[in-house]
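Analysis of the macromolecular model
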Amino acid sequence: MPDALDSFLDRFRGSFTSTLRWHQLDELWRRLGSDADAGWYLYDLDAPAPPQAPADAAAVKTFITNLDHLLRREHREDYCGIVYADDLQAPTFVKIYHPKRLGVACGFSDQPPLPGWIMSLTAPMDLHTALAPAPNPRWWGRLLRTGSEG
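Presented here is a report on the structure given in the accompanying data block. These numbers were taken from a predicted model, which means no experiment stands behind them. (Residues numbered from 1 in each chain as written. Predicted model: local features only at pLDDT ≥ 70, side-chain atom pairs only at ≥ 80, totals over all residues. Heavy atoms only, no water.)

**A word on the pattern of salt bridges**
If you walk through the whole model with that rule in mind, you get six salt bridges. The shortest N-O distance in the salt bridge between Glu-27 and Arg-30 comes to 2.6 Å. Here Glu-27 and its partner Arg-30 are both found in helix 2 (residues 22–34), three residues apart, which amounts to about one turn of the helix. On the accessibility criterion, Arg-30 (47% relative accessible area) is partly exposed. The network of salt bridges with common partners includes Asp-26, Asp-68 and Arg-72. (Salt bridge = Lys/Arg side-chain N within 4 Å of Asp/Glu carboxyl O. Helix = DSSP H or I, 4+ residues; strand = E, 2+ residues; numbered from the N terminus. Buried < 20%, exposed > 50% of the residue type's maximum accessible area, 1.4 Å probe, protein only.)

Now the structure itself:
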């Protein structure tokens, strides 16, 4: 169980390991399913807001089953590589990328795509708001206008 002092955003930005092969995903799903009553928050990043309470065990198992079907149907590759866990043996935070919105999920980017779904034992925050780019400081506008005039 994650420490209550850990923030969701810190955990989101932490270290993750990919389920590169489908059998690794099967094993992760098995582990998550056997721990379905642990207090998992099921965060669909297309939802208007993150969940306010953990899901019950039945909802977690349904979520896993439905996601597994979607991933296998939409990601027709001989590898998985789009599900990441903080610890494959004892997961507490799992990022699941949508197969049709990968962008540079596997590479490096200043603005990598958000996962489609997150399973977390830490209460989630709205990642769309938390990771929104900061507006440019007002002085940048003056600097840019000054540099282009004249």
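**Let's talk about the packing of aromatic side chains**
For the coordinates displayed, the defined rule picks out four aromatic pairs. With centroids separated by 5.1 Å and ring planes inclined at 40 degrees, the aromatic side chains of Phe-8 and Phe-93 adopt a geometry described as tilted. Residue Phe-8 is found in helix 1 (residues 8–12), and its partner Phe-93 is found in strand 4 (residues 93–96); the two are separated by 85 residues along the sequence. Each member of the pair Phe-8 and Phe-93 is classed as buried. (Phe/Tyr/Trp six-rings, centres within 6.5 Å; stacked < 30°, edge-to-face > 60°.)

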